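What the coordinates show
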Amino acid sequence: MNITKNIIAAALIAAASFSTSDTEACTNFIVGKKASADGSVICTYNADDYGMFQWLCHYPAARHAKGEMRKIYDWDTQQYHGEIPEAAETYNVIGNINEYQLTIAETTYGGREEMVDTTGIMDYGSLIYVALQRSKTAREAISVMTSLVERYGYCSEGETFTICDPNEAWIMEMMGMGPGSHSAVWVAMRIPDNAICAHANQSRIGKFNMKDKQNVIYSRNVIKYARKMGWYKGKDEDFSWKNTYAAPDFSGRRFCDARVWSFFRHFDNSFDKYLPWALGEDPNAEDMPLWIVPNRKLSVQDVEACMRDHYEGTALDIANRKIAGGIWNMPYQPTPLTYKVGDKTYFNERPTSTQQTGFTFVSQMRSWLPREIGGVLWFGNDDPNMVAYTPVYCCSTRQPECYNTPGADALNFSMNNAFWVCNWVSNMVYPRYSQMFPSLKAVRDSLENSYFVEQAKVEAKAADMLRSDRNATVKYLNDYSIEKAQQMLTRWQSLATYLIVKFNDMAVKPEENGAFKRTKTGLGAPVQRPGYPEDYARKMIELTGDKYRVK
């Protein structure tokens, strides 16, 4: 790897200075309705943060009296920021989708530290859930979110928001204007219907057409503020949001934009030409486009698969790192992203699928269906590679108990809680990945395939019911969502006990006709002892030579 001393030094300084949320946090993918296989608008969210315990949130629809106030608590820290007037009417929200199929997600990119308004009331998480409760469309959500920060201030770092409804997909980037400003700068761009987009903790919006009022919306001060601060002196038409407010450095490219590159390359056979950008080594590498037109249309299943990506088969694949995956080729690496050996600092790759995911979703929004049926949040409560996404219909007013378990939190395990049971299983599988993951994958894929097979039948019944009784339809879809989530939990509990029996003590118990084999006297049949996989054994001998050769 030919990296100049200056580049790597700058890279490591940047990596060390970024907060955990900046370099290791979330991933969003976006699919326009003409880029999807069935006409859905699709968007995704991996919410990643170490120690984060999450659940499927719910905000019921309500009417509010004039003068009623809403208290704002920081989504990350639960710190109280202040209060804002309630809207006269708020809509039902389940997870990150509301009853009108509007979905909002995010990734944090940080940007210029001096732009954070520490006195602002609205943080990025509060913006998401307040907007979901007050908006029916993506454009309305953009208006709600920007109006709030321009009145009450924005106290988070630079943020990229995914804002989608059944007809339109948008990406919006936002930053505060410094302590005490109680204002913000922002720009939003509509993703073309036939395109896909992604962002992953690095600002993505560069130049934007200020004359395209239909597809580009921005704050009046978006360039004026940069000029005032001395950060930009060129022509308005040459202004680049990200190069001015959050210029991509090594960590922004290698740890963040590389996830975008990996997503795009699945749907563009020529996209490896942007590998130099993703590697972060060449300061003159060509930047990636904000969106691409895919070479085929994407299904929900395609997008779920991309959420499980570990750079397999690419230059960033962990398999290229010799023994880094351990004996059983684990595609996960310890954190933090950088580590020291002696006086030198090194780094790990940061793929889309990672062990610190608190929750993940793939949102499916369909304009041709009644809204109660059209919006499905395919939801999971751990690393997407290690869970089955279960369907949650946007009209749901009750959470499955496994996604909202009394007594369960970051420090309290519960066998009734999806987060903890899924983490229990995944943490068994991680260190013995190639040996144990096929068993998990078989269960995961079997459950998901059954959901997709059932979907058309369930929705046809719901459409028939909706003609005569909306309340009964909502209950039916809500009950179905709960049933599938609880079914997943039960199957995962069984998977956990199966794995400990099957692979106990690094041996493998044989099976026959779906049951563990026994001897004629009723004892467990002799176990198989597979030892080292051949590729790992060869790597070990490369490192140790004949030191452990049997003479």
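Structure: above.
Below is a short write-up of the structure. Since the structure is predicted, the reported quantities are computational estimates derived from the model, not experimental observations.

Here the focus is the sheet that holds strand β1 (residues 28-31). Pairing in this open sheet of seven strands is antiparallel, and the strands run β16-β14-β1-β2-β19-β20-β21 from one edge to the other. Only two strands of the sheet have a single neighbouring strand rather than two, namely β16 (291-292) and β21 (390-393). Strand direction decides the pairing type here: strand β14 (residues 196-199) and β16, joined by two bridges, are antiparallel. Across the sheet, the residue bridging to Cys197 is Trp291, located in β16. Those strands touched by helix α9 (residues 300-307) are β1, β2 (41-48), β19 (357-365) and β20 (376-380), and its axis lies near 160° from that of β19.

As a further point, take the pairing of strand β12 (residues 169-176). β12 sits mainly inside the fold: eight of its eight residues count as buried. Residues Ala169, Ile171, Glu173 and Met175 point to one face of β12 and Trp170, Met172, Met174 and Gly176 to the other, with burial holding for every one of them. Two elements, strand β11 (residues 158-164) and β12, share six bridges in a ladder whose sense is antiparallel. Within β12, the position partnered with Cys164 by the bridge is Ala169. Following β11, the chain reverses through four residues before pairing antiparallel with β12. With eight bridges joining them, β12 and strand β13 (residues 184-191) adopt antiparallel strand pairing.

What follows covers the packing of helix α11 (residues 418-429) against helix α12 (residues 433-466). Their axes nearest at 8 Å, the elements α11 and α12 cross at an angle of 145°. Residues Val425, Met428 and Val429 of α11 form the contact with α12, whose participating residues are Tyr433, Met436, Phe437 and Leu440.

If you walk through the whole model with that rule in mind, you get two cavities of 30 Å³ or more. Lining the largest cavity are 16 residues, and of these Gln333, Glu349, Pro351, Thr354 and Gln355 lie nearest its centre. For the lining of the largest cavity, the residue count by class is six nonpolar, seven polar and three charged. Here the second largest cavity defines a volume of roughly 40 Å³. If you trace the second largest cavity, you find it lined by His310, Tyr311, Leu316, Ile318, Pro331, Gln333, Glu349 and Pro351. Across the lining of the second largest cavity, the residue classes tally to five nonpolar, two polar and one charged.

Taken as a whole, the largest pocket spans an internal volume of roughly 560 Å³. Considering the residues around the largest pocket, the lining is formed by 26 residues, among which Gln54, Trp55, Trp75, Asp76 and Gln78 are closest to the centre. Counting only elements with at least two residues in the lining of the largest pocket, the list comes to β5 (69-73), α3 (124-134), β19 and β20. Of the residues in the lining of the largest pocket, the class split is 15 nonpolar, seven polar and four charged.

Right, let's talk about the state of the cysteines for a bit. Put plainly, two cysteines are in a disulfide when a covalent bond ties their sulfur atoms together. Counted according to the given criterion, the structure contains zero disulfides. Between Cys26, a free cysteine, and Cys256, which holds the nearest cysteine sulfur, the sulfur-to-sulfur gap is 11 Å. Classification of Cys26 by relative accessible area gives buried; the value is 5%. Counting only cysteine sulfurs, Cys26 is the nearest neighbor of Cys155, a cysteine outside any disulfide, at a range of 16 Å.

Moving on, we get to the environment of Lys33. Along the chain, Lys33 falls in the loop between β1 and β2. Among the residues examined, Lys33 registers a relative accessible area of 23% and is labelled partly exposed. Along the primary structure Lys33 and Ala324 are separated by 291 residues, whereas in three dimensions their C-alpha atoms are 40 Å apart. Those residues in contact with Lys33 that lie beyond four places of it in its chain are Gly39, Ser40, Val41, Pro166, Asn167 and Asp193.

A word on the side chain of Glu106. Checked against the element boundaries, Glu106 lands in strand β10 (residues 103-110). Summary of buried charges: Glu106 has no salt-bridge partner, and the nearest side chain of opposite charge, Arg259, is 9.9 Å away. Setting aside residues up to four positions removed in sequence, Glu106 forms contacts with Cys26, Asn28, Tyr45, Tyr124, Ile128, Glu159, Thr160, Phe161 and His199.

The rules behind these values
- Residues numbered from 1 in each chain as written.
- Predicted model: local features only at pLDDT ≥ 70, side-chain atom pairs only at ≥ 80, totals over all residues.
- Heavy atoms only, no water.
- Pairing = 2+ DSSP bridges.
- Helix = DSSP H or I, 4+ residues; strand = E, 2+ residues; numbered from the N terminus.
- Contact = heavy atoms within 4.5 Å.
- Axes fitted to C-alpha atoms, helices over the stretch in contact; angles between N-to-C directions.
- Buried < 20%, exposed > 50% of the residue type's maximum accessible area, 1.4 Å probe, protein only.
- 1 Å grid on protein atoms, 1.4 Å probe; cavity = no way out; pocket = protein on both sides within 12 Å on 5 of 7 lines; lining within 4 Å.
- Points joined across faces, edges and corners; volume = space filled by probe spheres on them.
- Nonpolar A, V, L, I, M, F, W, Y, C, P; charged D, E, K, R; others polar.
- Disulfide = S-S within 2.5 Å.
- Lys, Arg positive; Asp, Glu negative; His and termini not counted.
- Salt bridge = Lys/Arg side-chain N within 4 Å of Asp/Glu carboxyl O.

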